[in-house]
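Below are the chains, spelled out letter by letter.
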Amino acid sequence: MKKLLFFLLCGMLWVSSLKAQQTQYMVFEFVKVENEQLFDYIEFKSLMEKVYRQALNDKRIKGWDFWSLQSGTDNSSFQYIMVTYYNNPVEMMNGLDEQSMMEYTKIAYPHLSSAQVAKLFQESLKMRDMPMRLYMKKITETKDNFQMKPGVLASFDLMKANEGQFDIYEKAEDEVFRPIHQKYVDQGLMGHWSLLRTALPLGSEAKSTHLTMNIYKDYMQFFNAQSYEDINQTAAQREAVNEGLNSRDQKWVYLATLENVVR
């Protein structure tokens, strides 16, 4: 009997560990670049793609995206969003230190000397600022086989769950909005949808608690989705949608185009 309980406990721990390993953690870095340095930064992001590809090969990350903002804020705030994908929260919080970045740069550009690599990073630090960084954990998503590639369009919706309605909001997203977005995916009106929750403890004054990613293959699919109206939606479904909307505050929507991707 004791052996049976032991094996059951081990099985439960194994399943729990497996689920934890499958959970995706993401860091969103909102990047500001001065207008006179935009051309130099375009060259720098191409270098960064090669660096993050080396980090992927070294299994330090699961992926990296570089998005160019189309709308959602004025140019004085930020123009780009970098998203780095990690396997677990520890790797996410540790990130890639400057020394690792320089080592990966040396691998990607073997013709550069150590001094040239160091100078490159010092110049890159001067030309960019990161006014906002979000540490997120994916908690639910649609079932699809969408492939991220340059030209893909995304809507990043920053949400703040109303005080005392945290669980209500997440339940609404999973049980009400996820099926709606799954229908969009199945009908070819969307590529992918996911809900992310902040991975760090936040106080009541936090600007946002959640983020939804709405991914479209192009502008045609995006605008078709915006104009779609589900005439078969029942009164009960509409009421559930309204209750879900009332459980949170949509702080801001950022529309962006994917320029560089590492998978």
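Residues numbered from 1 in each chain as written. Predicted model: local features only at pLDDT ≥ 70, side-chain atom pairs only at ≥ 80, totals over all residues. Heavy atoms only, no water.

Draft legend 1. Layout of helix α7 (residues 219-227). Buried residues of α7: Q221, F222 and A225, and no others. Buried residues of α7, seen end-on, are gathered within an arc of 105 degrees and therefore sit on one face of the element. Opposite its buried face, α7 presents the exposed residues M220 and S227, each directed more than 90 degrees away. Of the residues that open α7, the one with a side-chain oxygen 3.2 Å from the backbone nitrogen of M220 is D218. (Buried < 20%, exposed > 50% of the residue type's maximum accessible area, 1.4 Å probe, protein only. Helix = DSSP H or I, 4+ residues; strand = E, 2+ residues; numbered from the N terminus. Arc of directions from axis to C-beta. Polar contact = N/O pair within 3.5 Å; in protein donor to acceptor, adjacent residues only side chain to side chain.)

Draft legend 2. Spatial organisation of the pairing of strand β2 (residues 63-71). Within β2, seven of the nine residues are buried, leaving the element largely enclosed by the surrounding structure. For β2 and strand β3 (residues 80-86), the ladder comprises six bridges, and the chain directions are antiparallel. Bridge pairing in β3 links S68 to Y80. By the bridge criterion, seven bridges tie β2 to strand β8 (residues 248-262) in an arrangement that is antiparallel. Opposite L69, over in β8, you have A256 as the bridge partner. (Pairing = 2+ DSSP bridges.)

Draft legend 3. Expanded view of the pattern of salt bridges. On inspection of all chains with the given rule, the structure shows eight salt bridges. One salt bridge in this structure joins R53 and E49, with 3.6 Å as the shortest N-O distance. Of this pair, R53 and E49 both sit in helix α2 (residues 38-57), four residues apart, which is roughly one turn of the helix. Residue classification places R53 among the partly exposed residues on the basis of a relative accessible area of 32%. Given a relative accessible area of 22%, E49 falls into the partly exposed group. The partner of K138 in a salt bridge is E141, and the shortest N-O contact between them spans 3.1 Å. In this structure K138 comes out as buried when scored by relative accessible area, which is 17%. (Salt bridge = Lys/Arg side-chain N within 4 Å of Asp/Glu carboxyl O.)

Draft legend 4. Here's a closer look at the environment of A161. Inspection of the secondary structure assignment puts A161 in strand β5 (residues 153-161). Assessed through its relative accessible area of 7%, A161 is described here as buried. Put simply, A161 and T209 are 48 residues apart on the chain and 6.3 Å apart in space, counted from C-alpha to C-alpha. Sequence-distant contacts of A161, defined by excluding residues within four places in its chain, comprise F166, Y169, T209, H210, S247 and R248. (Contact = heavy atoms within 4.5 Å.)

Draft legend 5. The arrangement of the environment of S71 in detail. Position of S71 relative to the elements: it lies in strand β2. A relative accessible area of 34% means that S71 is categorised as partly exposed. Here the alpha-carbon distance between S71 and Y254, two residues 183 residues apart in the chain, equals 5.8 Å. If near-sequence neighbours (up to four positions away) are discounted, S71 is found in contact with V253, Y254 and L255.

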